[in-house]
Amino acid sequence: MTRGTDRIVVMLLGSLLGSPLGAQDACPRVVNPTVQEGWDLYQQGNVDSAHVRFRTALRQCPQHPDALTGTGYTLLRFDRIDEAATLFRAAIDASASAADAWFGLALVARRRANPNAVREAVQEVLRIDPTRRDAREMLATVTPPERPALVLPDTMEMRSRTRDSHFQVLVDGVWQTFYIKGVNLGAALPGRFPSEFPDSVTYADWIEGIAEMGANTIRVYTIHPPHFYEALAAFNRSHPEAPLWLIHGVWTGLPPDHDFADSTWNAEFAAEMYRVVDLLHGRADIAPRPGHAAGFYTADVSQWTLGYIIGREWEPFAVFAFDKAHPGLHSWEGTYLHITNGTATDVWLTQTCDRLIAYETNTYNVQRPVAYTSWPTLDPLYHVTEASIAEDMAMRGQLAPDEDEEQHDEDTAAIDPSKISATAAFPAGFFAAYHAYPYYPDFIVHEGGYAAYLHRLKAHHADMPVVIAEYGVPTSLAVAHMAPEGWHHGGHSEARMAAINAELTELLAAGGMAGGILFAWIDEWFKRNWLVMNLERPQERARLWLNRMNPEQQYGVIAMEAAPRLSGSTLGDRLVSWKAVPALYAGRLRALADEAYLRLLVTPEPSGADTIFIGIDVGDPDAGSFRWPARRGGQLPVGVEFVIQVTATEARMLADPRAKPFRVRRQPTFRGELEYMDVATPPPGMFQGPFDQVPNYPLGAARHTAGRYDSLPIVTNRVRLGRDSLERAASGYDWGILRQGGEPDGLWERDPETGTVEVRLPWTLINVTDPSSRRVLATPPDVRGFQGVPIEAIHLALAMKTAWGEWSEYPQGGDAVAQFSWAPWEFPSWRARRRPVFEAMRSAFERLPSEPKQP
């Protein structure tokens, strides 16, 4: 499209937006504040609101270059690429120095996979502003580098190696013992898929922060963009006395049909290994691939790469199937590794690691330690408390598992790194790497706890280093699994999370491990967890909101949380901001939505309120309960599915029985006896017994006036029948009991001066499956399972009982019931914040020894 044609587009745009092209000279000054608001919102991630600001500015001043550019960027985020390109061209016509518009055209060209157009646009950016780092980085992605010729070392080179139970690194020609104090680095920012990586500034900030925390190692699971390795190299060159070492992974999916011998799948896995090796040496040119990083890798970080941990947490059912299909495959002798008395999967893993070592040795004459990923479900230990499903059914006399059985076998297959030995050709050495948490599987819980498990694990691998490559606890509001020490899978305050992670860090060192790698540096909103994944619909939009009930999303040293809509760190401070929120029921109730919560503020009458009910209808207003709990007060104008009950000392969620997503039911016991777990710091409303949990199909609510509501119990630890014929009780708790206190740990608080109550409801607790598109949980008649169906608004009702026993109810008289809606979003607003675990880990890392202890 020519510049002249673009000019016509600008004229048409001005006409369509209701403002003549010939704007007055004062036009830019008038709209500049609006444009600045748009950029501020855009940089905060609030793209929808930014788009509104930019379009408002364009109505007043259609030629404003920044308004045109800003609108183009928001359209680009909406995937309206052609429209964005038109506006970027219009901005360039309006201003010859519109560097951001040229950069926008470069982004458009990259989306269109046109490297020549990317190069031309970026060169214009650098002509206007030679200091633009983002432009130089993008130019590097489309400009093949001129690398010097590869010169191999005269002898095989090592910078790291294993010795006995620990690692060593070469420092000034001397081998020094090295204890791994690591952090796992994922990179998915809120709203992003895991394949959408951050920019170089973000990576540089993270690397600085990890070093400041006292870690000496970063682990990554997959290939990151070139600017990650450039940032790491830049940091290490400027900190030669204390560089950050890198442990690199090689990611893969599961093989087709559980066949680890599949030739096509193995060829791609090998190609990915070779790409990783090459990029670490700064010699990889990776073409764009869907879901993967790409670019020209020129930063040589091999001198700071401690080792490799390849693969993933292999699924036990896949390992079991492959071993069963190849019963005669036990031993293998390779150039660098060999194995005897293993399984077919053991042999395949040995061959795969040998292939990686061979490539780096033959290509670069360099070696470093290698391991593969494992986890307790595949450990080589025998667990007497963990019967397989087949063993369980045989003991119970059953022929088939229950219809709703979703339990995985946790101790039917094994892979054993201790059976792998390095040959004389591989002095760098082999090590074991386990993802091991204190709460899962149940055999860790039932067989003496986490410390006992680590002791057994290390004893089995006595002659080799063992790295706990993932450990830690999350600070979610929900608990997905309980542990006797109180080190649960979620349910921790941030202070408690910090204390536990520091304690676990020191426990690993005391147990003789070669190091530990904390999970994880940042929260990642796209992560799934068994407890709530069926309540997040559609799943591909889970990255757009923070599920505070999902433990997998909240392990981070850095909290990635919804950007505050209200100012003030205390409720008293926030009350001023709340006044700007539209009032319901003459100011007695206010509601606000964000990426994590439905926020409610209740202002009692002057006489006060010792009990507050907030009724919430998220479904059919003609169905549900039309009375408050225990039929207190009058009849409700709509049927509600949920009621928040607040007293002086407690707040809890209650639900219409048919609106609960789960049903907890009692099951017959094996012999009428159960063993119960002694749990430190149990979650609220904890229960144990012969229970299981099933989905509540069909989900819905029938019209009734019984005033009956249920609590919200969930089962976290299933009933377990061990190989010792002892049956362990299930454990669960009431996740509808709301923790009192301020953010980020609490869900409700009361202002002591005014009696005003603020409640923060995680969306999952009221069956909202995706707040970003206003969807709620349902079971459509033609669909098996839960689905998210769109709604326009929810209904809210209110009742308050005074100290004199009188009830005030809203709506009153013939008033309409209050409706609350919120604007959907495609790009979340969020902020990053260091949690207390940062300082706790810094102190723990300082206390760690330089050499592993003997277990």
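For every chain, the first residue of the written sequence is number 1, and numbering continues from 1 onward in sequence order. Only residues with pLDDT of at least 70 are given local features in this predicted model, and only at 80 or more are side-chain atom pairs given and counted; all residues enter the totals for whole chains, interfaces and linings. Water and hydrogen atoms were dropped before computing side-chain values, which therefore reflect all heavy atoms in the structure.

Draft legend 1. Main features of the nonpolar core. What makes a nonpolar core is a set of buried Ala, Val, Leu, Ile, Met, Phe, Trp, Tyr and Cys residues whose side-chain atoms join them at distances within 4.5 Å. Only protein chains enter the accessibility calculation, which uses a 1.4 Å probe; a residue whose area is less than 20% of its type maximum is buried, one above 50% is exposed, and one in between is partly exposed. In this structure, Ile468, Trp521 and Trp735 are the most contacted members of the largest nonpolar core, which totals 193 residues. Ranked by the residues each element gives to this core, the list is headed by helix α13 (residues 344-364), at nine residues. By the convention used here, residues are in contact when the closest approach between their heavy atoms is within 4.5 Å. Those residues in contact with Trp521 that sit more than four places away from it in its chain are Val183, Asn184, Leu185, Trp206, Gly209, Ile210, Met213, Gly556, Val557, Ile558 and Phe838. Formed by 45 residues, the second largest nonpolar core is a distinct cluster that contains Trp39, Phe103, Ala109 and Ala135. Numbered from the N terminus, helices here are DSSP runs of H or I no shorter than four residues, and strands are runs of E no shorter than two.

Draft legend 2. Layout of helix α5 (residues 81-94). The end-to-end C-alpha separation of α5 is 20 Å, in line with the 20 Å expected for 14 residues at 1.5 Å each. Regarding α5, the residues found buried are Ile81, Ala84, Ala85, Leu87, Phe88, Ala90, Ala91 and Ile92. The span expected for a helix works out to 1.5 Å for each residue beyond the first.

Draft legend 3. Spatial organisation of unusual backbone geometry. With omega at -5°, the peptide bond leading from Arg537 into Pro538 counts as cis. Among the secondary structure elements, Pro538 is positioned in the loop between β18 (515-518) and β19 (558-562). You will see that Asp164, though not glycine, has its phi angle at about 55°, which is positive. Along the chain, Asp164 falls in the loop between β2 (160-163) and β3 (166-171). Classification of Asp164 by relative accessible area gives exposed; the value is 62%.

Draft legend 4. Summary view of the sheet that holds strand β37 (residues 768-770). Ordered by their spatial adjacency, three strands build an open sheet running β37-β38-β39, and the pairing between neighbours is antiparallel. The outermost strands of the open sheet, each flanked by one partner alone, are β37 and β39 (787-790). The average angle at which neighbouring strand axes cross in this sheet is 55°, direction not considered. Pairing between two strands requires that DSSP report at least two bridges joining them. Two strands pair when backbone bridges link them, and β37 and strand β38 (residues 775-778) are joined in this way by two bridges, in the antiparallel orientation. Looking at β38, one finds that Asp770 is bridged to Arg775. Where helices are involved, their axes are fitted lines through C-alpha atoms of the stretch in contact, as for all axes, and angles between N-to-C directions lie from 0 to 180°.

Draft legend 5. Seen up close, the packing of aromatic side chains. Think of it this way: a Phe, Tyr or Trp ring, Trp meaning its six-membered ring, pairs with another when their centres are within 6.5 Å, and the plane angle makes it stacked under 30 degrees, edge-to-face over 60, tilted otherwise. Evaluated as defined, the whole model comprises 36 aromatic pairs. When the centroid spacing of 6.0 Å and the interplanar angle of 70° are considered together, the rings of Tyr42 and Tyr73 count as edge-to-face. On the criterion of sequence distance, the pair formed by Tyr42 in helix α2 (residues 27-43) and Tyr73 in helix α4 (residues 65-77) is long-range, its members being 31 residues apart. Ring centres of Phe167 and Phe431 lie 5.0 Å apart, and the angle between their planes is 70°; on these two criteria the pair is classed as edge-to-face. Note that Phe167 is positioned in strand β3 and Phe431 in the loop between β15 (420-422) and β16 (432-435), a separation of 264 residues in sequence. With respect to burial, Phe167 and Phe431 carry one shared label: buried. One aromatic cluster is present, formed by Phe260, Trp265, Phe269, Trp314, Phe322 and Trp348 through successive ring pairs. A positively charged side chain is recorded as over a ring if its NZ (Lys) or CZ (Arg) lies within 6 Å of the ring centre. The angle to the ring normal must also be within 35 degrees. The aromatic ring of Phe103 is capped on one face by Arg132, whose charged end is 5.3 Å from the ring centroid. One Lys or Arg, Arg834, reaches over the ring of Phe838 and ends 3.9 Å from the middle of that ring.

Draft legend 6. Molecular detail of the sheet that holds strand β10 (residues 305-310). Here eight strands make up a closed barrel; going around it, the order is β5-β6-β7-β10-β14-β16-β17-β18 and the pairing parallel. The average undirected angle you get between the axes of adjacent strands in this sheet is 25°. Alignment of β10 against strand β14 (residues 370-374), held across three bridges, turns out to be parallel. Counted as the bridge partner of Ile309 is Ala371 from β14.

Draft legend 7. Expanded view of the packing of α5 against helix α6 (residues 99-111). Where α5 contacts α6, the two axes come as close as 9 Å, and the packing angle between them is 155°. The pairing of α5 with α6 is recorded here as roughly antiparallel in orientation. Crossing of α5 against α6: the hand is left-handed. Residues Ile81, Ala85, Phe88, Arg89, Ala91 and Ile92 of α5 lie in contact with α6, whose contacting residues are Ala101, Trp102, Gly104, Leu105, Val108 and Arg111. Residues belonging to the contact of α5 with α6 are distributed by class as follows: nine nonpolar, one polar and two charged. Every angle not falling under 35 degrees, over 145, or within 65 to 115 is termed oblique; those three ranges are roughly parallel, roughly antiparallel and roughly perpendicular. Put simply, a crossing is left-handed when the front helix is turned counterclockwise from the back one by less than a right angle, and right-handed when it is turned clockwise. Charged residues are taken to be Asp, Glu, Lys and Arg, nonpolar residues to be Ala, Val, Leu, Ile, Met, Phe, Trp, Tyr, Cys and Pro, and polar residues to be all remaining types, Gly included.

Draft legend 8. Here's a closer look at helix α14 (residues 389-396). The complete set of buried residues in α14 reads Ile389, Asp392 and Met393. End-on, the buried residues of α14 take up no more than an arc of 95°, which puts them together on one face. Those residues of α14 that are exposed and aimed more than 90 degrees away from the buried face are Ala390 and Ala394. Elements in contact with the buried residues of α14: β32 (720-721). Throughout, the arc means the angular range of directions from the helix axis out to the C-beta atoms.

Draft legend 9. Highlighting the environment of Asp129. Structurally, the position occupied by Asp129 is in the loop between α7 (115-128) and α8 (133-142). For Asp129, a relative accessible area of 25% gives the class partly exposed. Along the chain, Asp129 and Ala233 lie 104 residues apart, while their C-alpha atoms are 25 Å from each other. In protein, a polar contact means a hydrogen-donor-capable atom and an acceptor-capable atom, both N or O and within 3.5 Å, with residues adjacent in sequence counting only if both atoms are side-chain atoms; elsewhere, any N or O pair within 3.5 Å suffices. Within the structure, the side chain of Asp129 is placed 2.5 Å from the side chain of Thr131, a separation counted as a polar contact.

Draft legend 10. Expanded view of the packing of α4 against α5. Contact geometry for α4 and α5: axes closest at 8 Å, N-to-C directions at 165°. In terms of axis orientation, α4 runs roughly antiparallel to α5. In terms of crossing hand, the pair formed by α4 and α5 is left-handed. Taking contact as the criterion, the partners of Pro65, Leu68, Thr69, Thr71, Gly72, Tyr73, Leu75 and Leu76 in α4 are, on α5, Ile81, Glu83, Ala84, Leu87, Phe88, Ala90, Ala91 and Ala94. Residues of the contact of α4 with α5, tallied by class, amount to 12 nonpolar, three polar and one charged.

Draft legend 11. The side chain of Thr217, seen in detail. By the secondary structure assignment, Thr217 is in strand β6 (residues 217-220). When neighbours within four sequence positions are excluded, Thr217 is seen to be in contact with Phe178, Ile180, Lys181, Gly182, Val183, Leu244, Trp245 and Ile247.

Draft legend 12. The arrangement of the side chain of Ser160 in detail. Note that Ser160 resides in strand β2. Note on Ser160: relative accessible area 0%, which makes it buried. A distance of 2.8 Å separates a polar side-chain atom of Ser160 from the backbone oxygen of Leu306. The contact partners of Ser160, leaving out residues within four places of it in the chain, are Gln168, Val169, Trp175, Thr305, Leu306, Gln367, Arg368, Pro369 and Ala428.

Draft legend 13. Representation of the state of the cysteines in the model. Only a pair of cysteine sulfur atoms within 2.5 Å counts as a disulfide in this structure description. Taken as a whole and judged by the stated rule, the model has one disulfide. Each sulfur in the disulfide pair Cys27 and Cys61 lies 2.2 Å from the other. On the criterion of sequence distance, the pair formed by Cys27 in helix α2 and Cys61 in the loop between α3 (47-60) and α4 is long-range, its members being 34 residues apart. The class for Cys61 is buried, based on a relative accessible area of 4%.

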